[in-house]
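# Structural overview for review
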Amino acid sequence: GIEAELGLTKDELCAEASPIDTTTRDGIYMKIIQDDCFAFGVGAHCDYEYNRFFGAKANVKFRGYSCDAAGFAEPHVQMALHLLSNPGKVKMDLGFDLGLARNMQYMKTEYDLGSIADLNFRLDWNINDNLTVFAFGRNMLGIQYELWPGVPAQGFNFHGGFRWEF
């Protein structure tokens with residue numbers, strides 16, 4: 001499939017990052033500004049299922065903005081590849097997500113936040129019709145990157161839980 005998006009927002013809330021200490025860049029605050037912003041994007045995706053034991057999903061998306069401070073450091077180019085398996089009551093998803101061209105306004109100049117490479121895994125087990133147990137890990141490569149200027153992203157993280165439907 002393919003997709004296209006266009007949008008115009010009058011007085012969109014945007015953020016400009018500014019340091020609390022300009023010499024060491026320690027601490028940060030976000031100055032909220034309003035700007036008219038035109039957003040545009042194109043994308044493509046492909047879903048493939050060979051059988052219940054093997055499937056794959058891939059997508060690529062480009063998004064751009066006319067205003068400098070919109071998007072809150074969202075990648076302009078996003079790509080993903082996920083390998084899926086659903087053998088019975090267990091669902092598995094091994095994925096690699098990539099975000100490129102991340103930048104943000106920082107001290108009135110454009111700041112390059114670098115790319116994001118996220119190797120992730122998710123496992124869901126349907127114990128019965130009402131109870132599902134899940135676990136997933138993100139940033140399994142432990143890559144260090146900044147969410148916003150001066151704000152580091154969490155390293156490897158693991159989550160687990162359950163969903164009870166009644």
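I will try to describe carefully the structure that is included in this document. (Residues numbered from 1 in each chain as written. Predicted model: local features only at pLDDT ≥ 70, side-chain atom pairs only at ≥ 80, totals over all residues. Heavy atoms only, no water.)

Turning our attention to the overall build of the protein chain. Scanning the protein chain for helices and strands turns up zero helices and 12 strands. Put simply, of all contacts in the protein chain between residues at least 6 apart along the chain, 50% involve residues at least 24 apart. Total accessible area on the protein chain stands at roughly 10,600 Å², and carbon and sulfur atoms take up 61% of it. (Helix = DSSP H or I, 4+ residues; strand = E, 2+ residues; numbered from the N terminus. Contact = heavy atoms within 4.5 Å. Areas by Shrake-Rupley, 256 points an atom, 1.4 Å probe, with all protein chains shown as cover.)

Taken as a whole and assessed by the stated rule, the structure comprises three aromatic pairs. The interplanar angle of 45° and the centroid separation of 6.1 Å between the aromatic rings of phenylalanine 40 and phenylalanine 62 together place this pair among those described as tilted. Here phenylalanine 40 is found in strand β2 (residues 26–51), whereas its partner phenylalanine 62 is found in strand β3 (residues 54–65), with 22 residues between them in sequence. Here phenylalanine 40 falls in the partly exposed class, since its relative accessible area comes to 30%. An angle of 20° between the planes, with centres 6.3 Å apart, marks the rings of phenylalanine 134 and phenylalanine 136 as stacked. Feature note: the residues Phe38, Phe40 and Phe62 constitute an aromatic cluster, connected by ring pairs. (Phe/Tyr/Trp six-rings, centres within 6.5 Å; stacked < 30°, edge-to-face > 60°. Buried < 20%, exposed > 50% of the residue type's maximum accessible area, 1.4 Å probe, protein only.)

Bringing the side chain of serine 85 into the picture now. Within the secondary structure layout, serine 85 lies in strand β4 (residues 77–85). Polar side-chain contacts of serine 85 include one of 2.8 Å to the backbone oxygen of phenylalanine 53. Excluding residues that lie within four positions of it along the chain, serine 85 makes contacts with Arg52, Phe53, Val90, Lys91 and Met92. (Polar contact = N/O pair within 3.5 Å; in protein donor to acceptor, adjacent residues only side chain to side chain.)

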